Amino acid sequence: MNRRFFLKTSATAAAIAGTGFHRLASAAESKSPNELLDVACIGVQNRASANVSGVSGQNIVAMCDIDDKYLDKALEQYASQKSNKYNDFRVLLDKEKTIDAVVVSTPDHTHAPASMWAMQLGKHCYCEKPLTHTVHEAREMTKLAAEKKLATQMGTQIHAGNNYRRVVEAIQSGVVGEITKVDVWVGKGWGGGTLPTDKPPIPKNIHWDVWLGPAAYRPYSPIYLPANWRRWWDFGGGTLGDMGCHYIDLVFWALKLKYPTEISAEGPKPDPNTAPLGLTVNYKFPKTDVAPAIEMTWRDGDHTPKEVGGHKVPGYGVMFHGTKGQMFADYGGFKLYPEDKFADWQAPEQTIPNSIGHYEEWIKACKEGTPTTCNFSYSGPLTETVLLGNVAYRSGGPIEWDAENLKVTNNESANQFIERKYREGWRI
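First, a word on scope: everything that follows refers to the structure included in this document.

Criteria and thresholds
- Residues numbered from 1 in each chain as written.
- Predicted model: local features only at pLDDT ≥ 70, side-chain atom pairs only at ≥ 80, totals over all residues.
- Heavy atoms only, no water.
- Helix = DSSP H or I, 4+ residues; strand = E, 2+ residues; numbered from the N terminus.
- Rg over C-alpha atoms; globule rule 2.2 N^0.38 Å.
- Buried < 20%, exposed > 50% of the residue type's maximum accessible area, 1.4 Å probe, protein only.
- Pairing = 2+ DSSP bridges.
- Axes fitted to C-alpha atoms, helices over the stretch in contact; angles between N-to-C directions.
- Phe/Tyr/Trp six-rings, centres within 6.5 Å; stacked < 30°, edge-to-face > 60°.
- Parallel < 35°, antiparallel > 145°, perpendicular 65-115°, else oblique.
- Left-handed = near helix turned anticlockwise from the far one by under 90°.
- Contact = heavy atoms within 4.5 Å.
- Nonpolar A, V, L, I, M, F, W, Y, C, P; charged D, E, K, R; others polar.

**Overview of the overall build of the protein chain**
Here's step 1: Secondary structure summary: the protein chain contains 11 helices and 17 strands in total.
Here's step 2: For 428 residues, the compact-globule estimate of 2.2 N^0.38 gives 22 Å, and the protein chain sits close to it at 21 Å.
Here's step 3: By principal-axis analysis of the C-alpha atoms, the protein chain measures approximately 60 × 55 × 40 Å.
Here's step 4: Looking at the 428 residues of the protein chain, the share that counts as buried comes to 59%.

**Some points on the sheet that holds strand β6 (residues 152–155)**
Here's step 1: Read from one edge of the open sheet, six strands run β3-β2-β1-β4-β5-β6, paired in parallel fashion. Strands with a single pairing partner mark the edges of an open sheet, and in this sheet they are β3 (84–86) and β6. The sheet shows a mean angle of 15 degrees between the axes of neighbouring strands, direction not considered.
Here's step 2: Across three bridges, the pairing between strand β2 (residues 59–64) and β3 is parallel. Among the inter-strand pairings, Ala-62 is bridged to a residue of β3, identified as Asn-84.

**Some remarks on the packing of aromatic side chains**
Here's step 1: As enumerated under the stated definition, the model contains 19 aromatic pairs in all.
Here's step 2: Consider the rings of Tyr-126 and Trp-362, whose centres lie 5.8 Å apart with planes at 65 degrees: the pair is edge-to-face. Of this pair, Tyr-126 sits in strand β5 (residues 124–128) while Trp-362 sits in helix α10 (residues 358–368), placing them 236 residues apart in sequence.
Here's step 3: You can call Tyr-126 buried: its relative accessible area is 0%.
Here's step 4: Ring geometry for Phe-334 versus Trp-345: centroids 6.2 Å apart, planes at 75 degrees, classification edge-to-face. Within this pair, whereas Phe-334 is found in strand β15 (residues 334–337), its partner Trp-345 is found in the loop between β15 and α10, the two being separated by 11 residues in sequence.

**A closer look at unusual backbone geometry**
Here's step 1: The omega angle of the peptide bond from Lys-129 to Pro-130 is -15 degrees, so this bond is cis rather than trans.
Here's step 2: Counting through the fold element by element, Pro-130 comes out in the loop between β5 and α6 (135–148).
Here's step 3: Of note, the amide linkage connecting Leu-225 to Pro-226 takes the cis form, showing an omega dihedral of 5 degrees.
Here's step 4: Tracing the sequence through the fold places Pro-226 in the loop between α8 (208–212) and α9 (238–255).
Here's step 5: Positive phi, close to 55 degrees, is recorded for Lys-149, a residue that is not glycine.
Here's step 6: Checked against the element boundaries, Lys-149 lands in the loop between α6 and β6.
Here's step 7: Of note in the backbone geometry, Leu-406 takes a positive phi value of approximately 55 degrees without being a glycine.
Here's step 8: By the secondary structure assignment, Leu-406 is in the loop between β16 (399–402) and β17 (407–408).

**Side note on the packing of helix α5 (residues 111–120) against α6**
Here's step 1: Two elements in contact, α5 and α6, have axes separated by 10 Å at closest approach and are oriented at 20 degrees. Between α5 and α6, the interaxial angle falls into the category roughly parallel. Where α5 crosses over α6, the handedness of that crossing is left-handed. Along its contact with α5, which presents Ala-112, Ser-115, Met-116, Met-119 and Gln-120, the element α6 presents Glu-137, Glu-140, Met-141, Leu-144, Ala-145 and Lys-148.
Here's step 2: Looking at the contact of α5 with α6 residue by residue, the class counts come to six nonpolar, two polar and three charged.

**Section: the sheet that holds strand β9 (residues 278–285)**
Here's step 1: Reading across the sheet, the nine strands line up as β15-β14-β13-β7-β10-β9-β8-β16-β17 and stay open at both edges, with mixed pairing between neighbours. A strand with exactly one partner marks an edge of an open sheet, and here the two such strands are β15 and β17.
Here's step 2: Taken together, the four bridges between strand β14 (residues 326–329) and β15 define a ladder with antiparallel strand orientation. Looking at the pairing, Ala-329 lines up with Phe-334 of β15.

Below is the structure:
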């Protein structure tokens, strides 16, 4: 097969076996393959609307959102489901005791509280990326899912596409030799801004106190909703938090990475409230059974490169640097360099089966105990790695990471960013 051009493959849904899956408990075994799950959707519009659609073939017995307009729209769209209506997921989880599973599609700062409370009740969990808002939360969610033996999936939907599978197979076959360095970049810029000083009234459709959840109270401002919360440290993680799990996922998968040991970051002087408009993060990882110790560099926003490894590149992508060449990859395709060297390259035999679908994979796991490939045993360490980039940046890094003890060892001030305080009435 000639690889002088991009290999274009579908980018639909699901994942690969062998990523730390745990056998499910009797809750999953109580459902036959043909029996529908009773699911609660926490968050129903914007990014969440795709997740609601993804599980709409099951019984959506409850929907929850802090915006009544969004909630009413979703309830009308799925009127045949006859879902119960909630604004506060804590009330939902208290009342809907017989649900089998939850889909959590809230802003980052409420991922862990909603997911952890549900899993503590024995509910299977699908949670959007990044899995959590802090490193500590990611570790706790990973541990709880394993202890409870629940079916879990993080919302890195592109992981289910065929292209990522073919890239992983090619890299692990040694097509560009031993990988020594990887570049990852995303041309988004979720950052900047100053605290609003105006105090407009809270719209009647917005349940502001519930939206704030575990974050410290602040007055309502339309500057935060519906998407700009990603810029603010109290709610999101900037571009790295938003997109890191999608693109670093490919590197993790192909090289079987887990926890980095050293992280440093470059960007403007850290702001206590908002993420930067551009960021560079350098990670060091120990060797794995498919790769030596490697370095990975993330760049976003106004740090996004126009050229990597001597090649002009688009605004989003991953470049694997090996001892025999380079591979560029994005969501939909990949390309090998030098092009003339790989003109007649033949792809290795497919060893990773195509997905049945990102949501279908999780639904099947809830019912039958089959694997998911973005389960929390895999996506927890991935999320920790992403968030550690922000820790290094905000603390002025570099930092040395003791993954076993969940601690920065060379900069005590960095540990303040590993976990956070929760407002009264909220917890994980």
